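The lines below spell out each chain.
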Amino acid sequence: MAGFLPRFGPFGPLTPPAPFDEFGIKDTRPRLAGRRAGGYDLVERMEYLYVRVVKARDLKWSGAFDPLAEVKLGSHTCTTRHIEKSTSPEWNDVFAFSRERIQATFLDVVVRGKGFAKDEFVGRHRFDLGDAPLRVPPDSALAPQWYHVLDKAGARAGEVMLAVWFGTQADECFPLAVHGDASIAVDAKLAAHIRCKQYTVPRLWYVRVNVIEARDVAFVDKARVGEVFVRSRIGGQVHRTKTCVSRLPSYGWNEDHLFVAAEPFEDHLVLSVEDRVKVDKEEVIGHVHIPFKEFERRWDTRPIRPRWFNLVRPEGAAKIEKFSTKICVRLCLEGGYRVLSEPVHYLSDVRPSARELWHSRPPIGLIELGIHSAFGLSSMRTRDGRGSCDAYCVAKYGVKWFRTQTVVDSLAPRFHQQCYWDVHDHCTVLTVAVFHNCQVGDKGGVVSGDPVKDVLLGKVRIRLSTLETGRIYTHSYPLVSLHGGGIKKMGELQLAVRFSSTSTLGLLQAYARPHLPPMHYHHPLPIVHQDALRREAVALIAHRLGRMDPPLRRECVDHLCEVHSHRWSMRRSKAHFFRIMAALAPLFATLRWFVDVCHWRNPPTTVAVHVIYAILVCCPNLILPTFFMYKFVLGLWSYRRRPRHPWHVDTKVSHAHAAHPDELDEEFDEFPTKRAPEVVRMRYDRIRSLGARIQEMVGDVASHAERARCAMTWRDPRATAMYLLACLFLAVTTFLAPFQAVALLTGFYVMRHPALRQRLPDVPTNFFRRLPCKVDCLL
């Protein structure tokens with residue numbers, strides 16, 4: 001981005017920054033301690049007129065009415081909520097008007113009743129904007145004061161308490177303010193969906209329930225052979241053990257059930273011992289409710305003592321004369337794990353659940369994000385015959401998520417919000433997503449009785465390890481949306497990012513530590529359970545964030561946590577294949593170059609390789625220094641072509657620009673599928689053909705590995721005998737002959753002239769391909 005962004009401190013502009021180049025600016029000033037105070041130095045300062053309407057008293061009106069306050073500034077009007085049947089209402093609402101849109105010199109605050117005619121009011125007060133003070137934090141909050149309101153006749157009709165001042169987006173009232181200069185009327189209900197907020201993600205724990213055994217299990221029919229199992233449940237998470245058949249009153253399982261729980265713990269564990277009476281009928285023998293305060297907490301591999309709990313018969317069950325069934329379980333809250341709510345390669349926090357272990361990962365830096373603006377957004381709805389979009393951004397990193405205000409009715413919204421996070425591991429990812437707010441509209445986010453989901457316009461991921469310390473990166477990132485109909489560019493998002501290090505030593509030590517907490521390596525979780533636990537973790541986060549005011553909607557949490565990253569996608573499979581090919585391209589290029597050398601396609605290069613090879617063989621102590629010096633020089637040569645800005649979403653890498661429409665439709669199809677049987681059959685046949693090719697490739701790799709092992713197993717006695725004789729001959733030869741001579745002859749033989757070659761495979765290759773493998777044992 002050309003030009004530069006002005007930076008402002010609490011009392012005005014700071015010293016001029018270095019000019020921006022094409023990708024960002026270099027800022028090496030040690031200002032980390034001052035930045036934590038919440039300065040807005042990564043974004044432009046936006047000035048607003050704030051109007052805080054607190055309350056009114058002694059309102060005079062003939063008859064009962066529901067008072068409300070109306071704020072008028074030129075052509076912009078906004079209204080507080082109404083208070084029923086009161087002459088001393090309290091509103092405490094804040095309104096904000098962008099200073100660049102103000103075209104009036106006076107502000108009118110009108111007190112009226114709900115349902116009043118347009119020209120009727122209780123009282124009115126006019127405020128001269130020239131008298132409004134300027135306030136920028138850390139200035140103290142402006143104290144509201146009482147003002148007289150006058151009726152139509154000019155007589156006093158009561159008093160209203162309000163405060164009017166000019167401020168910036170750094171004002172603490174900005175997140176609570178209703179933007180009164182929006183193009184549509186903003187009421188209290190709509191304001192709850194467009195305000196900016198900061199959300200704290202609850203601390204998640206893995207819950208391990210080890211079901212050991214149950215004793216004294218009694219049935220109504222004493223002669224019955226029980227088919228007993230245990231069902232465990234925490235909220236909506238349910239697991240069950242295998243069925244145990246026994247004639248004794250005791251049953252054993254020793255199975256682990258893993259759950260996810262959020263702190264503060266609101267649910268409890270329900271264990272029920274059930275009997276499988278028939279194939280489709282199960283009866284509860286007894287159950288017990290266990291609160292989380294009964295669970296032990298651990299963050300290592302120490303053993304947990306088992307505990308016995310008495311079961312209670314369910315209401316309405318047949319009575320048993322003597323019921324004393326007990327269940328033995330081990331209950332544990334695993335604090336040594338990091339509960340994975342996002343894919344491992346998109347992790348934003350790697351600290352374990354237990355706070356006692358956080359000292360091992362102290363903060364090593366600070367990441368600051370400035371969300372400037374978006375431009376060129378696609379039209380998502382129509383207002384007054386023109387395209388419109390109601391956009392907001394959500395930034396996710398660690399346990400703190402930040403949501404900007406919704407800019408209503410704008411295809412080029414300006415956010416200019418700044419937020420920061422402590423960094424405990426810089427090999428993590430910051431995610432910023434842009435959404436269209438579907439809750440703004442005449443129908444209030446509901447169509448045909450169903451709630452409308454907010455639409456994702458695009459995402460930006462920034463890996464912190466790719467950022468230089470102390471440098472401000474400013475870049476316009478493309479917003480790309482992929483759906484069943486294809487790929488579409490939805491606009492661009494302009495961000496400014498700065499990563500500052502508080503401990504250079506800690507930053508370097510992070511490369512020597514394991515990425516995840518030690519418990520993930522000492523006692524790894526089963527792969528089968530990880531996907532299910534991740535889905536439950538996302539559901540818990542969405543549930544808790546959905547209970548905040550304003551709620552962060554479930555679709556936002558799903559997109560930011562990449563909840564659909566593991567579903568089948570032909571497009572993603574192709575993308576991974578081409579990624580592998582691109583990553584191995586240098587190796588393939590080296591192999592092609594070596595083949596050209598061996599075939600003498602460039603005689604000077606081949607002669608030079610022979611000379612260098614002879615020098616390295618004669619002086620083997622130069623091999624490793626030469627190799628590492630080559631890597632050093634190659635790395636220095638690549639420095640001038642180093643990347644100048646963070647990665648962004650690339651449609652070519654994603655292989656989305658050439659994806660077939662049917663492949664995209666299959667990727668976004670729900671599970672289970674809702675497509676026609678013939679479409680499902682076609683897709684099944686396509687997957688079968690792809691699986692057959694992969695199966696053949698894996699089979700070839702397995703055959704080569706088995707042939708390498710069969711050379712020593714005497715499966716083919718003649719081949720093994722020949723192989724052993726060859727090994728004996730090579731052992732004697734290499735012992736008697738100098739190593740340099742053997743190496744020179746071997747290398748020169750491999751690089752021999754084409755005139756000395758034959759088109760048929762050589763003897764070792766023919767011998768290897770004739771070795772047996774277990775493909776003969778397959779059906």
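Given the structure is predicted, the values throughout are model-derived calculations rather than measurements. (Residues numbered from 1 in each chain as written. Predicted model: local features only at pLDDT ≥ 70, side-chain atom pairs only at ≥ 80, totals over all residues. Heavy atoms only, no water.)

1. Some thoughts on the overall build of the chain
The helix and strand inventory of the chain stands at 15 helices and 35 strands. Compactness check: the chain gives a C-alpha radius of gyration of 35 Å against a globular reference of 28 Å for 779 residues, more than 25% above the reference. In terms of overall dimensions, the chain has a C-alpha envelope of 120 × 90 × 55 Å along the principal axes. For the chain, the residues scored as buried account for 43% of the 779 residues in total. (Helix = DSSP H or I, 4+ residues; strand = E, 2+ residues; numbered from the N terminus. Rg over C-alpha atoms; globule rule 2.2 N^0.38 Å. Buried < 20%, exposed > 50% of the residue type's maximum accessible area, 1.4 Å probe, protein only.)

2. Points about a nonpolar patch on the surface
There is a patch of nonpolar side chains on the surface, built from Leu725, Leu728, Val732, Phe735 and Leu736 and spanning about 600 Å² of accessible area. The class of Leu728 is exposed, set by a relative accessible area of 53%. (Patch = residues over 30% accessible without salt bridge, like charges linked within 9 Å, V, L, I, M, F, W, Y side chains within 5 Å. Areas by Shrake-Rupley, 256 points an atom, 1.4 Å probe, with all protein chains shown as cover. Salt bridge = Lys/Arg side-chain N within 4 Å of Asp/Glu carboxyl O.)

3. Some remarks on the environment of Arg208
Looking at where Arg208 falls in the secondary structure, it is placed in strand E14 (residues 203-215). Sequence separation between Arg208 and Val260 is 52 residues; the distance between their C-alpha atoms is 8.9 Å. Engagement of the side chain of Arg208 in a polar contact is seen with the side chain of Asp256, the distance being 3.3 Å. Among the polar contacts made by the side chain of Arg208, one reaches the side chain of Glu334 at a distance of 2.7 Å. (Polar contact = N/O pair within 3.5 Å; in protein donor to acceptor, adjacent residues only side chain to side chain.)

4. So, the pairing of strand E4 (residues 47-57)
Taken together, the 10 bridges between E4 and strand E11 (residues 156-168) define a ladder with antiparallel strand orientation. Its bridge partner lying in E11, Arg57 is registered against Glu159. When E4 meets strand E7 (residues 90-98), the two strands line up antiparallel, connected through 7 bridges. Paired with Tyr48 across the strands is Ser98, a residue of E7. (Pairing = 2+ DSSP bridges.)

5. A look at the state of the cysteines
By the definition in use, this model includes 0 disulfides. No disulfide involves Cys389; its nearest neighbouring cysteine sulfur is the one of Cys438, lying 9.0 Å away. Using a relative accessible area of 0% as the deciding quantity, one classes Cys389 as buried. The thiol of Cys393 is unpaired, and the distance to the nearest cysteine sulfur, on Cys419, comes to 9.9 Å. (Disulfide = S-S within 2.5 Å.)

6. A look at the packing of helix H8 (residues 585-598) against helix H9 (residues 603-618)
Two numbers describe how H8 lies on H9: the axes approach to 8 Å, and their chain directions differ by 95°. Here H8 lies roughly perpendicular to H9, going by the angle between them. Contacts between H8 and H9 involve Trp593, Asp596 and Val597 from the first element and Thr605, Thr606 and Val609 from the second. Residues that form the contact of H8 with H9 fall into these classes: 3 nonpolar, 2 polar and 1 charged. (Axes fitted to C-alpha atoms, helices over the stretch in contact; angles between N-to-C directions. Parallel < 35°, antiparallel > 145°, perpendicular 65-115°, else oblique. Contact = heavy atoms within 4.5 Å. Nonpolar A, V, L, I, M, F, W, Y, C, P; charged D, E, K, R; others polar.)

7. Observations regarding the pattern of salt bridges
Where charged atoms from two side chains of opposite charge come close, those side chains can pair. Applying the stated criterion across every chain, the model contains 45 salt bridges. Between Lys85 and Asp66 there is a salt bridge, with its nearest N and O atoms 3.4 Å apart. Of this pair, Lys85 sits in the loop between strand E6 (76-79) and E7 while Asp66 sits in the loop between E4 and strand E5 (67-73), placing them 19 residues apart in sequence. According to the relative accessible area criterion, Lys85 is exposed, its value standing at 59%. Taken together, the salt bridges that share partners define one network made up of Arg381, Arg383, Arg386, Asp390 and Asp409.

8. A look at the UniProt feature "transmembrane region" (unreviewed entry) in the chain
Those residues carrying the UniProt feature "transmembrane region" (unreviewed entry) are residues 577-595, 607-634 and 722-751 in this numbering. Helix makes up 86% of residues 607-634 and strand makes up 0%, while its end C-alpha atoms are separated by 23 Å. For residues 722-751, the end-to-end C-alpha separation is 26 Å, with 90% helix and 0% strand making up the annotated structure. (UniProt positions renumbered as here; feature names shortened; annotations may be inferred.)

9. A word on the sheet that holds strand E28 (residues 400-403)
The 5 strands lie next to each other as E13-E28-E27-E30-E33, forming an open sheet whose pairing is antiparallel. Unpaired on one side and paired on the other, strand E13 (197-200) and strand E33 (455-463) mark the two borders of the sheet. Taken over all neighbouring pairs, the strand axes of this sheet differ in orientation by 15° on average, direction set aside.

10. Describing the packing of aromatic side chains
Taken as a whole and assessed by the stated rule, the structure comprises 14 aromatic pairs. Where Phe577 meets Phe578, the ring centres are 5.5 Å apart and the plane angle is 75°; that geometry is what we call edge-to-face. Taking relative accessible area as the criterion, Phe577 reaches 49% and is therefore assigned partly exposed. Positioned above the aromatic ring of Tyr392 is the side chain of Arg403, whose terminal nitrogen or guanidinium carbon lies 4.5 Å from the ring centre. (Phe/Tyr/Trp six-rings, centres within 6.5 Å; stacked < 30°, edge-to-face > 60°. Lys NZ or Arg CZ within 6 Å of the ring centre and 35° of its normal.)

11. Looking at the environment of Trp91
The topology assignment puts Trp91 in strand E7. Classification of Trp91 as buried rests on a relative accessible area of 1%. Sequence separation of Trp91 and Arg52 is 39 residues, and the distance between their C-alpha atoms is 9.3 Å. Ignoring any residue separated from it by four or fewer positions in sequence, one finds Trp91 in contact with Val53, Val54, Lys55, Ala56, Pro67, Leu68, Ala69, Thr80, Arg81, Ile83, Val111 and Val160.

12. Considering the side chain of His610
As for its position among the elements, His610 is in helix H9. Once residues within four sequence positions are removed from consideration, His610 is found in contact with Trp600, Phe748 and Met751.

13. Re the side chain of His426
One can find His426 in the loop between strand E29 (414-423) and strand E30 (429-436). Within the structure, the side chain of His426 is placed 2.8 Å from the side chain of Tyr511, a separation counted as a polar contact. For His426, the residues in contact, after removing those within four places along its chain, are Ile364, Leu464, Ser465, Phe499, Leu507, Ala510 and Tyr511.

14. Observations regarding the confidence of the model for the chain
Confidence along the chain averages 83 in pLDDT terms, with 91% of residues attaining 70 or more. Across residues 1-38, where pLDDT falls below 50, the model places 80 contacts with residues more than four positions away in sequence or in other chains. (pLDDT = per-residue confidence, 0-100.)

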